[in-house]
Amino acid sequence: MAKYNVFDCTMVELDRHHSDRKGNLTVVENGKTLPFDVKRVYYLYDVPGGENRGSHAHRDLSQLIVAASGSFRVTLDDGTCRRSFFLNRPYQGLLVKPGMWRDLEDFSSGAVCMVLASDEYNADDYIRDYSEFINFRNEE
Ligand code: TYD
């Protein structure tokens, strides 16, 4: 499969419907919003202050990461370059292409990190060891 780099990973502006005095609504629809169909949604919450999540890569999975509430930082690493994104808007998402090492940190109190994923959970898709990740990136 094609190897992507961190510059292929971008912030996506999601549809936002505003109702006066009644708040906002954001939609993600298969076939319209993202370059993949969503097969799984999961979310991280109650992350204690100072704790980090992530520290792994996925071989084939694509994801959209959204700060559904609060804020946190996502740092992506393609083995050559790193890019850091601060997520703090529920109508924006970070599109993470396959093959990116990611670290999530600086979670605000009450932050909810919602992830829309292109595939079902598969433990074999994870690379949890950084030197294995570098070998994976170099195998092209
Ligand atoms: P993990 O992906 O390692 O979380 P993080 O990168 O945020 O630290 O997942 C934590 C645990 O949850 C791990 O035991 C696997 C399990 N899990 C599932 O069972 N299904 C899923 O869809 C996900 C994302 C995780």
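Residues numbered from 1 in each chain as written. Predicted model: local features only at pLDDT ≥ 70, side-chain atom pairs only at ≥ 80, totals over all residues. Heavy atoms only, no water.

Q: Looking at this structure, I do not really get the pairing of strand β2 (residues 15-19). What am I missing?
A: Regular strands have side chains that alternate between both faces of the sheet. Across 5 bridges, β2 lies against strand β3 (residues 23-27) in antiparallel orientation. Within β3, the position partnered with Arg16 by the bridge is Thr26. Hairpin connection between β2 and β3: a loop of 3 residues separates the two successive antiparallel strands, and Arg21 in this loop has a positive phi of roughly 65°. (Pairing = 2+ DSSP bridges. Helix = DSSP H or I, 4+ residues; strand = E, 2+ residues; numbered from the N terminus.)

Q: Would you take a moment to explain the nonpolar core for this structure?
A: Here is a general trend for soluble globular proteins: nonpolar side chains tend to be buried in one another's company. By size, the foremost hydrophobic cluster in this structure holds 19 residues, and its most contacted members are Ile65, Phe72, Val74, Leu76, Leu87, Leu94 and Cys113. If you tally residues by element for this core, the top one is strand β7 (residues 72-77), at 3 residues. In this structure, Val12, Phe36, Leu64 and Val66 belong to the second largest nonpolar core, which totals 8 residues. (Core = buried A, V, L, I, M, F, W, Y, C linked by side-chain atoms within 4.5 Å. Buried < 20%, exposed > 50% of the residue type's maximum accessible area, 1.4 Å probe, protein only.)

Q: Looking at this structure, how should I read unusual backbone geometry?
A: Keep in mind that most residues, glycine aside, have a negative phi and that most peptide bonds are trans. Phi at Ser55 takes a positive value of approximately 55°, unusual for a residue other than glycine. Tracing the sequence through the fold places Ser55 in strand β5 (residues 53-58). Looking at Ser55, the relative accessible area reads 34%, which means it is partly exposed. Phi at Asp106 takes a positive value of approximately 55°, unusual for a residue other than glycine. Mapped onto the elements of the fold, Asp106 is located in the loop between β10 (101-105) and β11 (112-117).

Q: What is the right way to look at the environment of Asp106 in this model?
A: Through-space distance from the C-alpha of Asp106 to that of Gly50 is 6.4 Å; in sequence the pair is 56 residues apart. With residues near it in sequence (within four places) discarded, Asp106 still touches Ser71, Phe72 and Arg73. (Contact = heavy atoms within 4.5 Å.)

Q: What is the right way to look at the site of the ligand in this model?
A: Residues in close proximity to the ligand include Arg40, Tyr42, Leu44, Arg53, Gly54, His56, Tyr121, Tyr126 and Arg128, which together make up its full environment. Here an oxygen atom of the ligand and a side-chain polar atom of His56 are 3.3 Å apart. One of the side-chain N or O atoms of Arg128 is found 2.9 Å from an oxygen atom in the ligand. Relative to its free-state accessible area of 530 Å², the ligand is covered by the protein chains to the extent of 60%. Counting residues per element, the ones that place at least two in the shell around the ligand are β4 (40-44) and β5. Class assignment of the residues belonging to the shell around the ligand gives a composition of 4 nonpolar, 2 polar and 3 charged. (Near = heavy atom within 4 Å. Polar contact = N/O pair within 3.5 Å; in protein donor to acceptor, adjacent residues only side chain to side chain. Areas by Shrake-Rupley, 256 points an atom, 1.4 Å probe, with all protein chains shown as cover. Nonpolar A, V, L, I, M, F, W, Y, C, P; charged D, E, K, R; others polar.)

Q: Would you mind going over the pattern of salt bridges with me for this structure?
A: Pairs can form between side chains of opposite charge whenever their charged atoms are close. With the rule as written, the count across this model stands at 5 salt bridges. Between Glu29 and Lys32 there is a salt bridge, with its nearest N and O atoms 3.6 Å apart. Judged by relative accessible area, Glu29 falls into the partly exposed class, the value being 39%. (Salt bridge = Lys/Arg side-chain N within 4 Å of Asp/Glu carboxyl O.)

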